[in-house]
Amino acid sequence: MTKKIKSKKPLGCLLLSAVLMTASSGIFAHEQNQNGLVPQDYFDFVFMGDPQISPNNEVTLFVKTTVNEDASGRNSQIFKINKSGVISEFTQGKGDRGPQWSEDGRHVAFIRTVDEKAQVFVMPADGGEAKQVTTLDQSLTGFEWFPSGDKLLLTLSVSPKSAKTQKDVNGSGESNKRAEPNIVVVNQAKYIANGSGYLSDKRRHLFLFDMQKNELTQLTSGPDWNANSPVVSKDGKHIYFHANRTGLEYEGNTNSEIYHLDVKTQEITALTDHAGAQVSASLSRDNTLLSYVHYEDTYAQADLMLQGPNGQLQNLTADFDRNVSQAIWAPDNKTLYFTANDHGANRLFSVSRSGKVTKLMEQNTTIKNLVLSHDGQFLVFTMESATQLPELYRLNLDSKLVTKLTRFNDPVLADKRLSPAQEVWFTNEKGMRVQGFIHKPLNFDKHKSYPLVLNIKGGPGGMWGHQWFHENQMYAAKGYAVAYVNYRGSSGYGIAHSKAVRKDYGGADYRDNVQFLDKVLSDNKWVDAERLYITGGSHGGFLTNWITTKTDRFKAAVTQRSVSSWISEAGTQEYTPNQMTKEFGGNLWNNFDAYWDRSPLKYADKVSTPTLIIHSDADMITPLGQGQEWFYALKANDVPVEMVIFKGETHSLSRSGTPTNLVERLTRIIDWFERHQ
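Residues numbered from 1 in each chain as written. Predicted model: local features only at pLDDT ≥ 70, side-chain atom pairs only at ≥ 80, totals over all residues. Heavy atoms only, no water.

Let's shift gears to the packing of helix H3 (residues 470-477) against helix H12 (residues 659-675). Interaxial distance between H3 and H12 falls to 11 Å at its minimum, and their mutual angle equals 35 degrees. Our pair here, H3 against H12, has a crossing hand that is right-handed. Facing H3, whose interface residues are His470, Glu471, Met474 and Tyr475, H12 presents Leu662, Arg665, Leu666, Ile669, Ile670 and Phe673. When the residues that make up the contact of H3 with H12 are grouped by side-chain class, the tally is seven nonpolar, one polar and two charged. (Axes fitted to C-alpha atoms, helices over the stretch in contact; angles between N-to-C directions. Helix = DSSP H or I, 4+ residues; strand = E, 2+ residues; numbered from the N terminus. Left-handed = near helix turned anticlockwise from the far one by under 90°. Contact = heavy atoms within 4.5 Å. Nonpolar A, V, L, I, M, F, W, Y, C, P; charged D, E, K, R; others polar.)

As structure tokens, then:
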């Protein structure tokens, strides 16, 4: 039996522009009675993802994620929305995720953790008890239904089979009562990963699970490659996936090909053969056409390729100067839908089989979690902006009407004021147009002056802008202006922009940030140039360190998960020698100066800015030693410095860390700025 949850407001069908205008105007409603966000508000945020539309197009399932009661983790639960817009609970678990409809729409399978192991459960689509159908010892990373409804395709992490014998030190064969050594044996270049720590010999492979027979059959195997993103054909006879089968995946090789697996014979055939990477296969509804994303190289454009039944290839996005994501086929097999980063937004596009790309929504928002109805009439996705927490929306493709399906965060933001992101464009020294954004402080008065935080994004890929980012709203609520720029290296502005920082860390990225800041100061006289602050994480942390070696214009700095020395970073983080060579144009022995000359540590004796260092002890992308070296250097040079180490957290603390630690991080950043007024 499901519990009905009534929306506080009617879920009528709205034009998208009306949705956004309402959201924007609501920001400033009843201003005198509203306050801005504070770090503790994060505990009340609701996030949604993984929408799945029923085969009859009448019900949409999705996963709702909330912070648990003691803020030590998160709860995830599956909800549903019927055709009338009524929202109700579908499952009762606290860790339910990954819902998928059976082909006939009668059942839903999903993942639930049992005794610390992910297992597949199945329950009737009209409600009832969920039945556990797997009892796996292996690590489950994903599953797909077979069209027959009685089988599942499982992706499991498994160790290669090996026979081992043990003898005691005398070789007598008697059991060894001594404690076993606690060691990690490393023999490949990639042996650690953020969030995983030391990597085991386990590899992801495909298995056929017969639910009626309770029988598990391994379909792929191999000690040095992984099967990724499998797709089952509509007749259940074929599986498509991508994999790097060069044997060099863990040595830093980035090749990946699309493969076909015949389910009956278990024969694997390569469908592509290219030095680059082919990923994210998607099969047309009639099983005759295959699309996939192609990368020529690390810094090349991600294009959408179409392969016909005779193997002929067509690049559908050759003239589309943006990186595409995995595409979804329309039922007519003539149109595909995808999203792409574009000028600070993640927008929705379609592309025809002739290669015509169409932008479907012009508004400045970020769209994620895209799914298409089985009749091809509407899309469902999450949408967010700088002033909108993510909610679920439905777009009717004929009428272009948009329905806001969920309003979970309305109560959270009802009495909160938010600061919109205002675009700032400038032309850098190379003649390239660069986009940044500024948030004015709340209760802005043009006759007053305000401090400003330069918040530097990580990457250097990716972008900021028209997306929800609570951190910037919290700075604005404390009376700070906030500025950030999609400097060279960022995505969403074309391949030339993305490639422009390659082999130039601390160069192009540094100059764009400084020029952007000067532009903001020049155009906004209300910003107090004597009260500037700087922060950033990952590549933004590196740039925070780097910039404070060049200037003392900032009153305080907070550097997060940063790099202080590319010399020590190169040998201690998860990226391989091959990958670092691409970034710096050589290795430590044939291009040492490129690493050392762009290391903030070399110039640490020039720093005078009071600095807070935030780092996590399980960070495998910028290991803790990077923060420790920076702390040591600033201490040695008598710079006011403090270091906060978050135990058990990874490089992802600021996005998916333990909620109580995530909030503590925000609190300490704001406190550091407040202490250095």
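Here we have four strands laid out as an open sheet, ordered S17-S18-S19-S20, and antiparallel in their pairing. Taken across any chain shown, the strands that pair with only one partner, and hence form the sheet edges, are strand S17 (228-232) and strand S20 (268-270). For this sheet, the mean angle separating the axes of adjacent strands, direction not counted, is 25 degrees. (Pairing = 2+ DSSP bridges.)

Here the protein chain shows a mean pLDDT of 92. Residues at 70 or above account for 93%. Across residues 1-33 the pLDDT falls below 50, and counting only partners more than four positions away or on other chains, this stretch makes 54 contacts in the model. Here residues 162-173 is modelled with pLDDT under 50, and outside its nearest four sequence neighbours on either side it reaches five contacts, counting other chains as well. (pLDDT = per-residue confidence, 0-100.)

Let us now look at the packing of aromatic side chains. Overall, the coordinates contain 33 aromatic pairs when judged by the stated rule. Look at phenylalanine 241 and tyrosine 259: their rings are 5.7 Å apart centre to centre, the planes differ by 20 degrees, and that puts the pair in the stacked class. Taken together, the positions of phenylalanine 241 in strand S18 (residues 238-243) and tyrosine 259 in strand S19 (residues 257-262) put the pair 18 residues apart, joining distant regions of the chain. Tyrosine 259 carries the same exposure label as phenylalanine 241, and that label is buried. One aromatic cluster in this structure is built from Tyr505, Phe542, Trp546, Trp566, Phe584, Tyr595 and Tyr603. Between lysine 550 and the ring centre of tryptophan 546, over which it is positioned, the NZ or CZ distance is 4.4 Å. (Phe/Tyr/Trp six-rings, centres within 6.5 Å; stacked < 30°, edge-to-face > 60°. Buried < 20%, exposed > 50% of the residue type's maximum accessible area, 1.4 Å probe, protein only. Lys NZ or Arg CZ within 6 Å of the ring centre and 35° of its normal.)

Moving on to the sheet that holds strand S11 (residues 139-145). Strand order across the open sheet formed by four strands is S11-S12-S15-S16, with antiparallel pairing between neighbours. A strand with exactly one partner marks an edge of an open sheet, and here the two such strands are S11 and strand S16 (215-218). Each adjacent strand pair in this sheet contributes to an overall mean axis angle of 30 degrees, direction not counted. Strand direction decides the pairing type here: strand S12 (residues 151-158) and strand S15 (residues 203-210), joined by eight bridges, are antiparallel. The partner of leucine 153 across the bridge, within S15, is leucine 208.

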